[in-house]
Amino acid sequence: MEQGITITPEELYYLGEQMGALYMDYDYVASMEDIQMNSLLYESRVKTGLAAKGLLEEDFSGNIELSEWAKELLRPVFFATFESSVDYCSTGGEEVETVKFYGSDDGMMRMVSREGRGWKVCPCSSHELLGELERRMPEEDAQMAGGFDPDRVSYIFVFKHVWIGDRSTVKIFFHCDNHFYTENQKEEIIPADRRQVLDEAERVLLPEGSRLANTEG
């Protein structure tokens, strides 16, 4: 996976405005500070931060120009045709970790994940998406599952795919006593194995009809 860059929510929002974004994920807006309190200071800090990262240039007349690299990196995020996401939810009281994936009509893809209070944006292929998912997925006990107990669930995994402005698909898995479980169409909890989880993740996150479904890294 190519190296990306970490930018603050305010910088991401500002870049979206400058590029005329058609889509802005609410999570980015929700994680921003209150920019209305001092909009001039906000804009000054954002410009300084983006210039230091090589994403923006401002001349002496105050004219703004985004770098071509910034446009190429963020175009699939702001003009996505679909958004896929994975929520890693620990039941031990830790914060939910979300990794987002955006795809555009030209077959380009980006992975966006939290890093501190910022968001790290990286180029990503479908092959790397599935590899990242497998790397984060806990192992399972080779012995037969003893049964599902909601009080012993250690992790919850939520796979979601949204065609922007259209339909969405959601699939949830539970990790309990080193075994995986999910719900069937009757909303009954049934066992699943690690391979099933990864296969279902691929089906949900990279559905047929996406140009990225068969893209290799």
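Basis of the calculations
- Residues numbered from 1 in each chain as written.
- Predicted model: local features only at pLDDT ≥ 70, side-chain atom pairs only at ≥ 80, totals over all residues.
- Heavy atoms only, no water.
- Helix = DSSP H or I, 4+ residues; strand = E, 2+ residues; numbered from the N terminus.
- Contact = heavy atoms within 4.5 Å.
- Areas by Shrake-Rupley, 256 points an atom, 1.4 Å probe, with all protein chains shown as cover.
- Phe/Tyr/Trp six-rings, centres within 6.5 Å; stacked < 30°, edge-to-face > 60°.
- Buried < 20%, exposed > 50% of the residue type's maximum accessible area, 1.4 Å probe, protein only.
- Pairing = 2+ DSSP bridges.
- Axes fitted to C-alpha atoms, helices over the stretch in contact; angles between N-to-C directions.
- Left-handed = near helix turned anticlockwise from the far one by under 90°.
- Nonpolar A, V, L, I, M, F, W, Y, C, P; charged D, E, K, R; others polar.
- Salt bridge = Lys/Arg side-chain N within 4 Å of Asp/Glu carboxyl O.

S.K.: Explanation requested: the overall build of the protein in the structure shown.
M.R.: Of regular secondary structure, the protein possesses six helices and eleven strands. In the protein, the proportion of contacts linking residues at least 24 apart, taken out of those at least 6 apart, comes to 59%. Working note: accessible area of the protein is about 12,200 Å², and carbon and sulfur atoms make up 46% of it.

S.K.: In this structure, what is going on with the packing of aromatic side chains? I would like to understand it.
M.R.: What describes a pair of aromatic rings is the distance from one ring centre to the other and the angle between the planes of the rings. A full pass over the atoms with the stated rule returns nine aromatic pairs. Ring geometry for tyrosine 155 versus phenylalanine 157: centroids 6.1 Å apart, planes at 25°, classification stacked. With 6.3 Å between their ring centres and 45° between their planes, phenylalanine 157 and phenylalanine 180 make a pair best called tilted. On the criterion of sequence distance, the pair formed by phenylalanine 157 in strand S8 (residues 153-163) and phenylalanine 180 in strand S10 (residues 179-183) is long-range, its members being 23 residues apart. We note that phenylalanine 157, like phenylalanine 180, is buried. Grouping aromatic residues by their ring pairs yields a cluster made of Tyr88, Tyr155, Phe157 and Phe180.

S.K.: How do you make sense of helix H1 (residues 9-19) when you look at a structure like this?
M.R.: It helps to recall that an α-helix has 3.6 residues per turn; residues three or four apart then point in one direction. For H1, the tally of buried residues reaches eight of eleven residues, placing the bulk of the element in the interior. Along H1, the residues classified as buried are Pro9, Glu10, Glu11, Leu12, Tyr14, Leu15, Gly16 and Met19.

S.K.: Just to check I follow, could you spell out the sheet that holds S10 for this structure?
M.R.: Strand-to-strand pairing in sheets goes through backbone hydrogen bonds, with the strands running parallel or antiparallel. As summarised here, the arrangement of the nine strands in space is S1-S7-S6-S5-S4-S8-S9-S10-S11, forming an open sheet in which the pairing is antiparallel. The open sheet is flanked by strand S1 (5-7) and strand S11 (189-192), the only strands paired with a single partner. When strand polarity is set aside, the average angle formed by the axes of neighbouring strands in this sheet is 25°. Contacting S1, strand S5 (97-103), strand S6 (109-115) and strand S7 (118-123), helix H4 (residues 68-78) crosses the sheet at an angle of about 90° to S6.

S.K.: Explanation requested: the environment of methionine 111 in the structure shown.
M.R.: When you line up the elements, methionine 111 lands in strand S6. Take methionine 111: its relative accessible area is 6%, and that puts it in the buried class. The sequence separation of methionine 111 and phenylalanine 101 amounts to ten residues, and the corresponding C-alpha distance is 4.6 Å.

S.K.: Just to check I follow, could you spell out the pairing of S11 for this structure?
M.R.: Regular strands show a simple pattern: their side chains alternate between the two faces of the sheet. Where S10 lies against S11, four bridges are found, and the strand directions are antiparallel. Paired with threonine 182 across the bridge in S11 is isoleucine 190. Once S10 ends, the chain turns through five residues before running back antiparallel as S11, passing glutamate 187 with a positive phi of about 65°.

S.K.: I'm lost on the side chain of serine 67 in this one. Help?
M.R.: By secondary structure assignment, the location of serine 67 is in the loop between strand S3 (64-66) and H4. With sequence-adjacent residues up to four places away left out, serine 67 is seen in contact with Gly54 and Leu55.

S.K.: Looking at this structure, how should I read the packing of helix H5 (residues 126-136) against helix H6 (residues 194-205)?
M.R.: Geometry of a packed helix pair, given as the angle between the helix axes and the separation of the axes. At a minimum axis distance of 11 Å, the contact between H5 and H6 shows a crossing angle of 145°. Helix-helix and strand crossings are classified by hand; for H5 and H6 the assignment is right-handed. Across from Leu129, Leu130, Leu133 and Glu134 in H5, the residues of H6 making contact are Arg194, Leu198, Ala201, Glu202 and Leu205. Grouping the amino acids of the contact of H5 with H6 by side-chain chemistry returns six nonpolar, no polar and three charged.

S.K.: Teacher, can you tell me more about the pairing of strand S9 (residues 168-176) here?
M.R.: Where S8 lies against S9, nine bridges are found, and the strand directions are antiparallel. Note that in S9 the partner of isoleucine 156 across the bridge is phenylalanine 174. Between the end of S8 and the start of S9, which pair antiparallel, lie four residues, with glycine 165 showing a positive phi angle near 75°. Count of turn residues in the S9/S10 antiparallel hairpin: two residues, of which aspartate 177 carries a positive phi of about 50°.

S.K.: Any chance you could explain the pattern of salt bridges here in plain terms?
M.R.: Between side chains of opposite charge, a pair can form as their charged atoms come close. Throughout the structure, instances matching the rule amount to 16 salt bridges. The salt bridge involving lysine 100 is made with aspartate 25; its shortest N-O contact spans 3.1 Å. Here lysine 100, found in strand S5, pairs with aspartate 25, found in the loop between H1 and helix H2 (26-30); they are 75 residues apart in sequence, far enough to count as distant. The burial state of lysine 100 is the same as that of aspartate 25; both residues are buried. A salt bridge links aspartate 149 to arginine 152; the shortest N-O distance between them is 2.8 Å.

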